[in-house]
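Inside the fold
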Amino acid sequence: MTPVLRAGWARLRPVLPARADLAAFGRHPRRDLLAGLTVAIVALPLALGFGISSGLGAQAGLATAVVAGALAAVFGGSALQVSGPTGAMTVVLVPIMHAYGASGVLTVGVLAGLLLLGLALARAGRFMMLVPAPVVEGFTLGIACVIGMQQVPAALGVPTPGGDKVLAVAWQAIRDFAARPNWAAFAMTAAVAALILVGGRLRPSVPFSLLAVVAATLVAELVNLPVARIDALPAGLPAPSLEFLDVAALSSLVAPAFAVAALAALESLLSAAVADGMSVNHRHDPDRELFGQGVANLIAPLFGGLPATGAIARTAVNVRAGASSRLAALAHAAILGVIVFTAAGLVARIPLAALAGVLLATAARMVEVGSVRAMLRSTRADAVVLASTAIATLVLDLVTAVILGLIVAGALALRAIARDVRLDTVPLRADLPDDHDAEEHELLAEHIVAYRLDGPLFFAAAHRFLLELSEVADVSVIILRMSRITTIDASGALVLGDAITRLERRGIIVYVSGIRDGHHRPLRALGTIARLDEAGQVFASTPEAIAAARRHLHRTGVLPSATG
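Given the structure is predicted, the values throughout are model-derived calculations rather than measurements. (Residues numbered from 1 in each chain as written. Predicted model: local features only at pLDDT ≥ 70, side-chain atom pairs only at ≥ 80, totals over all residues. Heavy atoms only, no water.)

This part takes up the pattern of salt bridges. A side chain with one charge may pair with a side chain of the opposite charge, provided their charged atoms come close. In total, this model carries six salt bridges according to the counting rule given. The partner of Arg-452 in a salt bridge is Asp-454, and the shortest N-O contact between them spans 3.5 Å. For Asp-454, a relative accessible area of 6% gives the class buried. Linking Arg-524 and Asp-533 is a salt bridge whose minimum nitrogen-to-oxygen distance equals 3.5 Å. Judged by relative accessible area, Arg-524 falls into the partly exposed class, the value being 47%. Residue Asp-533 is classed as partly exposed on the basis of its relative accessible area, which comes to 36%. A cluster of three or more residues bridged by salt bridges with shared partners is formed by Glu-221, Arg-229 and Arg-349. (Salt bridge = Lys/Arg side-chain N within 4 Å of Asp/Glu carboxyl O. Buried < 20%, exposed > 50% of the residue type's maximum accessible area, 1.4 Å probe, protein only.)

In structure tokens form, the structure reads like this:
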């Protein structure tokens with residue numbers, strides 16, 4: 001094997017399925033199969049609903065749940081993760097569907113799969129977990145609102161207005177309903193959502209979503225209610241094909257593909273982390289999880305499926321149902337596959353209003369009210385980040401919202417760090433030898449001031465530091481103690497040099513002590529201490545700097561020679 005192939009295999013091997021995964025299937029097969037059945041019951045109406053919400057139809061949602069669910073279970077980095085179509089991904093796909101059509105969405109899925117594979121091989125999984133909690137809560141809240149508004153047309157029994165702005169679409173649907181109300185659809189949606197929310201609170205182990213959809217379908221059939229249905233749902237999955245690839249629009253689809261890949265990575269890793277927290281000894285591999293999602297998103301569009309991610313709600317159901325290996329997620333995909341091939345005709349009779357009720361209840365349960373309330377009350381910065389991310393998700397789009405949230409969170413974090421920089425006056429007595437009398441201590445204190453710099457000296461704090469140091473009262477010598485500076489960048493080094501120059505113009509001699517080894521490079525590269533170093537004004541310790549300052553004061557006659 002050549003060195004190139006050997007290096008490639010070394011990167012690929014850690015993210016491939018291992019023999020231990022197969023061995024885990026035999027530990028608790030009955031429990032895993034039961035968990036898979038439970039998740040499939042929960043996933044069926046969600047897959048249908050998210051497929052319809054995306055614009056590609058119910059069949060696309062089912063194809064995603066079957067194909068992506070199976071592939072992510074085999075190749076993913078979590079043994080408990082369940083993948084498929086999700087509300088967050090639907091929010092991102094609606095504008096792509098509106099602009100490029102079905103072929104654009106499927107092409108974006110393939111490109112996103114390739115990007116996820118690249119992230120996995122680049123070992124980027126650990127970096128995806130650095131997103132601050134307020135950003136996660138903010139876009140989760142925003143997603144829930146968007147999903148809820150996407151259901152307004154179906155919930156009101158009116159045709160979905162054109163456009164990709166959910167606020168405008170929801171408002172137009174309300175106006176259409178006011179002109180020609182469909183109370184049967186509205187009542188069905190409200191009843192399904194209420195049954196899921198109330199029943200789920202009282203009996204969490206009962207699959208009320210499926211029961212509510214079945215009941216609504218039976219009522220619609222028996223009473224012949226005037227509600228729209230899924231209708232056309234062919235049995236089975238389409239043959240894999242590359243004919244859908246929109247080669248002409250490939251260059252314009254790269255940016256949406258990055259957005260889809262970023263969302264798939266973020267949501268999948270968050271979901272896997274939730275699974276870890278709910279289990280005892282399970283820990284996911286983030287890079288392998290990205291690889292599994294990459295494979296799933298690369299292959300699912302070939303069967304007409306949507307881009308997929310790890311689904312937090314279905315994963316939580318899987319863990320609570322007792323899943324212990326990947327067999328549960330595989331069983332969930334297999335059961336949905338059986339439904340696709342054998343019960344497509346029955347599924348096609350499900351009213352859209354019933355699915356709207358399921359997704360409205362899902363959106364409501366996505367929001368952890370207690371967590372959001374606590375985060376809003378914790379600090380003003382957290383509240384600003386959460387609110388701005390949620391509003392941006394609602395008004396703009398999810399990826400822009402996450403980027404905006406990260407920028408706001410980063411800016412506020414830098415502001416907080418910058419406030420930690422302190423310039424404190426420190427007494428000389430502790431650094432003076434014991435053979436000096438009180439009179440000499442007083443004389444030295446009149447002419448020498450030592451300042452200790454604490455914290456990071458970087459661009460966000462540099463301006464304030466310059467102002468503070470420039471306002472120092474007139475003395476003969478200033479000693480800058482730098483041993484407690486945690487980090488220093490080019491801006492900090494330049495500002496420090498500017499402050500030293502301003503002090504010297506006022507006739508103040510500056511000595512520097514305690515520079516850490518890692519800080520010499522920026523200070524020397526930018527010439528901040530070059531002149532001081534040549535003049536012998538840079539010292540390893542503060543006592544050495546004080547001794548040099550005393551000698552200077554004796555030479556200049558500021559201190560009488562008798563004190564020497």
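Running from N to C, helix H3 (residues 29-54) and helix H10 (residues 208-223) cross one another at 55°; their axes reach a closest spacing of 8 Å. Comparing their axes, H10 and H3 come out oblique. Considering how the two elements wind past one another, H3 and H10 form a crossing that is left-handed. Contacts between H3 and H10 involve Ile-41, Val-42, Leu-44 and Pro-45 from the former and Ser-209, Leu-210 and Val-213 from the latter. Classifying every residue of the contact of H3 with H10 by side-chain character gives six nonpolar, one polar and no charged. (Axes fitted to C-alpha atoms, helices over the stretch in contact; angles between N-to-C directions. Helix = DSSP H or I, 4+ residues; strand = E, 2+ residues; numbered from the N terminus. Parallel < 35°, antiparallel > 145°, perpendicular 65-115°, else oblique. Left-handed = near helix turned anticlockwise from the far one by under 90°. Contact = heavy atoms within 4.5 Å. Nonpolar A, V, L, I, M, F, W, Y, C, P; charged D, E, K, R; others polar.)

One can describe the packing of H3 onto helix H4 (residues 58-75) by two numbers: an axis separation of 6 Å at closest approach and a directional angle of 130°. If you check the angle between H3 and H4, you find them oblique. The handedness of the crossing between H3 and H4 comes out as right-handed. The residues of H4 that touch H3, namely those facing Leu-44, Ala-47, Leu-48, Gly-51 and Ile-52, are Ala-58, Gly-61, Leu-62 and Ala-65. Across the contact of H3 with H4, the residue classes break down as seven nonpolar, two polar and no charged.

With that settled, consider a nonpolar patch on the surface. Taken together, the side chains of Val-214, Leu-218, Val-219, Leu-222 and Val-223 present a nonpolar region at the surface, about 490 Å² in accessible area. Judged by relative accessible area, Val-219 falls into the partly exposed class, the value being 41%. (Patch = residues over 30% accessible without salt bridge, like charges linked within 9 Å, V, L, I, M, F, W, Y side chains within 5 Å. Areas by Shrake-Rupley, 256 points an atom, 1.4 Å probe, with all protein chains shown as cover.)

Turning to the packing of aromatic side chains, a few remarks are in order. Tallied over the full model, the rule gives five aromatic pairs. Summarising the aromatic geometry, the rings of Phe-177 and Trp-183 are spaced 5.1 Å apart at their centres and angled 80° between planes, so their arrangement reads as edge-to-face. Phe-177 gets classed as buried once you look at its relative accessible area, which sits at 11%. Given the relative accessible area of 56%, Trp-183 is considered exposed. On the basis of an interplanar angle of 40° and a centroid distance of 5.8 Å, the ring pair of Tyr-511 and Phe-539 is categorised as tilted. Of this pair, Tyr-511 sits in strand E7 (residues 509-513) while Phe-539 sits in strand E8 (residues 538-539), placing them 28 residues apart in sequence. A connected cluster of aromatic rings, assembled from ring pairs, spans Phe-177, Trp-183 and Phe-186. (Phe/Tyr/Trp six-rings, centres within 6.5 Å; stacked < 30°, edge-to-face > 60°.)

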